[in-house]
Amino acid sequence: MNRLVILGIAVVAALYVLFSSIYVVNEREQAIVTRFGAISDVKSEPGLYFKIPTNFVDNVQIIEDRLLRYDLANMTVQVSGGQFYVVDAFVTYRISNPRLFRERAQGDLRTAESRIATRFDAALRQVYGLREFNAALSEERPEMMQQARDLIRADIDDIGIEIVDVRVLRTDLTQQVSVQTYDRMKAERLAEAALLRARGKEAAQSLRAVADRQAVEIIASARRDSEVLRGEGEAERSTVFANAYQQDPEFFEFYRSMQSYRTALGSTGTTMVLSPDSEFFSYFRGSGEGVPAPAAPATDAAPASTEAAPAADAAAAPAPANDNAAAPAAAAGQ
């Protein structure tokens, strides 16, 4: 019985010694072997390795051998113009020197990332502070990220960490700056709209002035041409009347008198009191023999007044046509 116990203890001890002397490093890890706290070996290649059994003499620390990432979110940076940005960025890094990483950062990622955060924050502030407001939103952004990477790399290499890349995820304006920027853009657009509107009004006034001048010129030219044509027509009319008068003056006088009768004795309801001997009725009298003698008055009738005879003679005269008469004033002008 005692032999079995001793054998079991021996087997357990042998297994413990065996497993405590073996450690495995995969392709994503590196191993730092320390002996009594001092670094004795570094394993960077994946595989199965052996050390002195137990952890009292040799101790193995596994560290990452892949790309790691550290994010910096909602960071407020100030540009050279005084405005502020809210920046989200991250840095990718890897442990390139495990021995130096163990010596300078105790092999602790939290200690290393604390230092990375400090350097990363300072680098972004320096890069943004050297540029104007719109630089981060322009083609200068890749150059800014490269410059930030170089600034961090110079400070982090001494702890055995290699900075691979720096990327800016978001660059937004702060709320206050956004409002100010929107107001400024709105004012600029309104000023531009007012300028365009003023130029449009100026162009419209110029076109309107040119159109008004052209209209005046066209109307003046048309009036001139109309006056010329009217003058030519009046001259031709006068020529026709003169020729007609020279061919038969008596007929011309008769024609003009008929026109005057049409105008004066039309259906206007105008009452005229004229003497039968007036030149206006010369063509109503005819020759001296054709004028009838007045009838003898009756003995028992009251004597007619002196003004009745002209009225009776005027009534006895044949009435001219009522639809084509000329004015008495026009007849007098004949």
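Data block above holds the structure.
Structural notes, computed from the coordinates.

Scoring rules and cut-offs
Within each chain, residues carry numbers counting from 1 in the order of the written sequence. Only residues with pLDDT of 70 or above have their local features reported here, since the model is predicted, and side-chain atom pairs are shown and tallied only from 80 upward, although totals for entire chains, interfaces and linings are computed over all residues. Hydrogens are left out, water is left out, and the side-chain values use all remaining heavy atoms of the structure. Think of each axis as a best-fit line through the C-alpha atoms, taken over the contacting stretch in the case of a helix, with angles from 0 to 180 degrees between the N-to-C directions. In this text, helices come from DSSP runs of H or I with a minimum length of four residues, and strands from runs of E with a minimum of two, each type numbered from the N-terminal end. Between 65 and 115 degrees an angle is taken as roughly perpendicular, under 35 as roughly parallel, over 145 as roughly antiparallel, and anywhere else as oblique. When the near helix sits turned anticlockwise from the far one by under a right angle, the crossing is termed left-handed; a clockwise turn instead gives a right-handed crossing. Pairs of residues are marked as contacts when any of their non-hydrogen atoms sit within 4.5 Å. Residue polarity follows a fixed list, in which Ala, Val, Leu, Ile, Met, Phe, Trp, Tyr, Cys and Pro are nonpolar, Asp, Glu, Lys and Arg are charged, and the others, Gly among them, are polar. Buried residues are those whose accessible area, probed at 1.4 Å on protein chains only, stays under 20% of the maximum for their type, while exposed residues exceed 50% and partly exposed ones sit between those limits. For two strands to count as paired, DSSP must find a minimum of two bridges between them. Polar contact is defined as a pair of N or O atoms within 3.5 Å, subject to the rule that within protein one atom must be able to donate a hydrogen and the other to accept it, and that residues adjacent in sequence are counted only when both atoms are side-chain atoms. Take the number of residues in a helix, subtract one, and multiply by 1.5 Å to get its expected span. In what follows, salt bridge is the name for a side-chain nitrogen of Lys or Arg lying within 4 Å of a carboxyl oxygen of Asp or Glu.

Orientation of helix H3 (residues 109–129) relative to helix H4 (residues 141–156), taken along the N-to-C sense of each, is 140°, at an axis distance of 9 Å. Taken together, the axes of H3 and H4 lie oblique to each other. As for the relative orientation of H3 and H4, their crossing is right-handed in sense. Between H3 and H4, the contacting residues are Arg115, Ile116, Arg119, Phe120, Ala123, Leu124, Gln126, Val127 and Tyr128 on the first element and Met144, Gln147, Ala148, Leu151, Ile152, Asp155 and Ile156 on the second. When its residues are assigned to classes, the contact of H3 with H4 shows 11 nonpolar, 2 polar and 3 charged.

We now examine the environment of Tyr70. By the secondary structure assignment, Tyr70 is in strand S6 (residues 68–78). With a relative accessible area of 19%, Tyr70 lands in the buried category. Separated by 21 residues in sequence, Tyr70 and Val91 place their C-alpha atoms 5.4 Å apart. With sequence-adjacent residues up to four places away left out, Tyr70 is seen in contact with Ala89, Phe90, Val91, Tyr93, Glu113, Ile116, Ala117 and Phe120.

Only one face of strand S1 (residues 22–25) is buried, namely the one carrying Tyr23 and Val25, since none of Ile22 and Val24 on the opposite face is buried. When S1 meets strand S4 (residues 47–50), the two strands line up antiparallel, connected through 4 bridges. Residue pairing for S4: Val24 is matched across the bridge by Leu48.

Here we come to the side chain of Gln30. Position of Gln30 among the secondary structure elements: in strand S2 (residues 29–35). Within the structure, Gln30 has its side chain in polar contact with the backbone oxygen of Glu64 (distance 3.4 Å). Of note is the side chain of Gln30, whose polar atom sits 3.2 Å from the backbone oxygen of Ile95. The residues touching Gln30, leaving out its near neighbours within four places in the chain, are Val25, Lys43, Ser44, Gln61, Ile62, Ile63, Glu64, Asp65, Ile95 and Pro98.

This part takes up helix H6 (residues 249–264). With 16 residues, H6 extends 22 Å from end C-alpha to end C-alpha; this agrees with the ideal 22 Å at 1.5 Å per step. Looking at H6, one finds that the buried residues are Phe252, Ser257, Ser260, Tyr261 and Ala264.

Spatial ordering of the open sheet is given by S3-S2-S5, a layout of 3 strands whose pairing is antiparallel. In this open sheet, the two strands that pair with only one neighbour each are strand S3 (38–43) and strand S5 (58–64). Strand-to-strand, the axes of this sheet are offset by a mean angle of 25°, without reference to chain direction. With 5 bridges connecting them, S2 and S3 associate as antiparallel partners.

Let us look at the side chain of Arg131. Within the element layout of this structure, Arg131 appears in the loop between H3 and H4. Here the side chain of Arg131 touches Glu140 through a polar contact of 3.4 Å, side chain to side chain. A polar contact is formed between the side chain of Arg131 and the side chain of Gln147, at a distance of 3.0 Å. The residues touching Arg131, leaving out its near neighbours within four places in the chain, are Val79, Ser80, Glu140, Glu143, Met144 and Gln147.

Take the pattern of salt bridges next. Applying the stated criterion across every chain yields a total of 19 salt bridges. Measuring nitrogen to oxygen at the nearest pair gives 2.8 Å for the salt bridge that ties Asp165 to Arg167. Judged by its relative accessible area of 39%, Arg167 is partly exposed. Via salt bridges that share partners, Asp65, Arg94 and Glu162 belong to a single interconnected network.

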